[in-house]
Amino acid sequence: MGGVNYEIQDRNLESRKHTFDYNFCKKKYNEYVTMGKKKFIKSLKNPQKLGEIGHLSCFILWIKNKERYEYRDSLGDYGLIHLLFHCAENSSFADKEGGYIFQLFKEDIALL
């Protein structure tokens, strides 16, 4: 499978094409879900790794919504993304909520 194609519309309603490499995303996702909780929390404090986690989360949620697999947690739709932004704002948030974020990433949005 070469990639998953989709279009994003900007404010001018012009189409932007982008391709996700599903196999690459699956490989990266598996790297994060198989690491231990402490290592995952440490990744939440690294801007590059936090960006990767956010990118993967958005991709998975987009796929699930497109396929009509509803994602909802106690924070509502996209609660995981909300929590990742808090990690970007303050790395101590990762220490406080990292276990919950790890659980959401590993169990709730699982990439099949």
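Look a little higher up for the structure.
These numbers were taken from a predicted model, which means no experiment stands behind them.

*Asks:* Got a minute to help me understand the overall build of the protein in this structure?
*Replies:* The secondary structure content of the protein amounts to five helices and two strands. Out of the 112 residues belonging to the protein, those deemed buried represent 37%. Long-range contacts, defined as pairs at least 24 residues apart, comprise 55% of the intrachain contacts of the protein with a sequence gap of at least 6. For the protein, the exposed area adds up to about 7300 Å²; of that, 51% sits on carbon and sulfur atoms.

*Asks:* Just checking my understanding: could you explain the pattern of salt bridges for this structure?
*Replies:* In a structure, side chains of opposite charge can pair up when their charged atoms sit close to one another. Inspection of the entire model under this criterion finds three salt bridges. Here Lys28 and Glu31 are joined by a salt bridge, their closest N and O atoms 3.3 Å apart. Of this pair, Lys28 and Glu31 both sit in helix 1 (residues 22–34), three residues apart, which is roughly one turn of that helix. Judged by its relative accessible area of 14%, Lys28 is buried. The structure contains a network of salt bridges with shared partners spanning Lys28, Glu31 and Glu52.

*Asks:* How should the environment of Leu111 be read in this particular structure?
*Replies:* Examined against the element boundaries, Leu111 turns out to sit in the segment after helix 5 (91–108). A residue is classified by how much of its surface remains accessible, and Leu111, at 9% relative accessible area, is buried. Each C-alpha atom, one on Leu111 and one on Leu61, is 9.2 Å from the other, the two residues being 50 residues apart in sequence. Sequence-distant contacts of Leu111, defined by excluding residues within four places in its chain, comprise Tyr22, Cys25, Lys26, Tyr29 and Ile60.

*Asks:* Can you help me understand the side chain of Ser43 in this one?
*Replies:* Take Ser43: it is sitting in helix 2 (residues 37–44). Sequence-distant contacts of Ser43, defined by excluding residues within four places in its chain, comprise Tyr32, Met35, Lys49, Leu50 and Ile53.

*Asks:* Whenever I open this one, the nonpolar core confuses me. Can you help?
*Replies:* A general tendency of soluble globular proteins is for nonpolar side chains to be buried together. Within the largest apolar cluster, 30 residues are counted, with the highest numbers of intra-cluster contacts made by Phe40, Leu44, Leu84, Ile101 and Phe105. Those elements that provide at least two residues to this core are helix 1, helix 2, helix 3 (47–66), helix 4 (79–89) and helix 5. Tallying contributions element by element places helix 3 first for this core, with seven residues. With residues near it in sequence (within four places) discarded, Ile101 still touches Phe40, Leu44, Leu80, Leu83, Leu84, Cys87 and Phe93.

*Asks:* How should the packing of aromatic side chains be read in this particular structure?
*Replies:* Within a pair of aromatic rings, the relevant descriptors are the distance that separates the centres and the angle that separates the planes. In this structure the tally under the stated criterion is six aromatic pairs. When the centroid spacing of 5.6 Å and the interplanar angle of 35° are considered together, the rings of Phe40 and Phe105 count as tilted. On the criterion of sequence distance, the pair formed by Phe40 in helix 2 and Phe105 in helix 5 is long-range, its members being 65 residues apart. As far as the burial class goes, Phe40 and Phe105 line up, both buried. Through successive ring pairs, a cluster of aromatic residues spans Tyr29, Tyr32, Phe40, Phe102 and Phe105.

Rules behind the numbers
- Residues numbered from 1 in each chain as written.
- Predicted model: local features only at pLDDT ≥ 70, side-chain atom pairs only at ≥ 80, totals over all residues.
- Heavy atoms only, no water.
- Helix = DSSP H or I, 4+ residues; strand = E, 2+ residues; numbered from the N terminus.
- Buried < 20%, exposed > 50% of the residue type's maximum accessible area, 1.4 Å probe, protein only.
- Contact = heavy atoms within 4.5 Å.
- Areas by Shrake-Rupley, 256 points an atom, 1.4 Å probe, with all protein chains shown as cover.
- Salt bridge = Lys/Arg side-chain N within 4 Å of Asp/Glu carboxyl O.
- Core = buried A, V, L, I, M, F, W, Y, C linked by side-chain atoms within 4.5 Å.
- Phe/Tyr/Trp six-rings, centres within 6.5 Å; stacked < 30°, edge-to-face > 60°.

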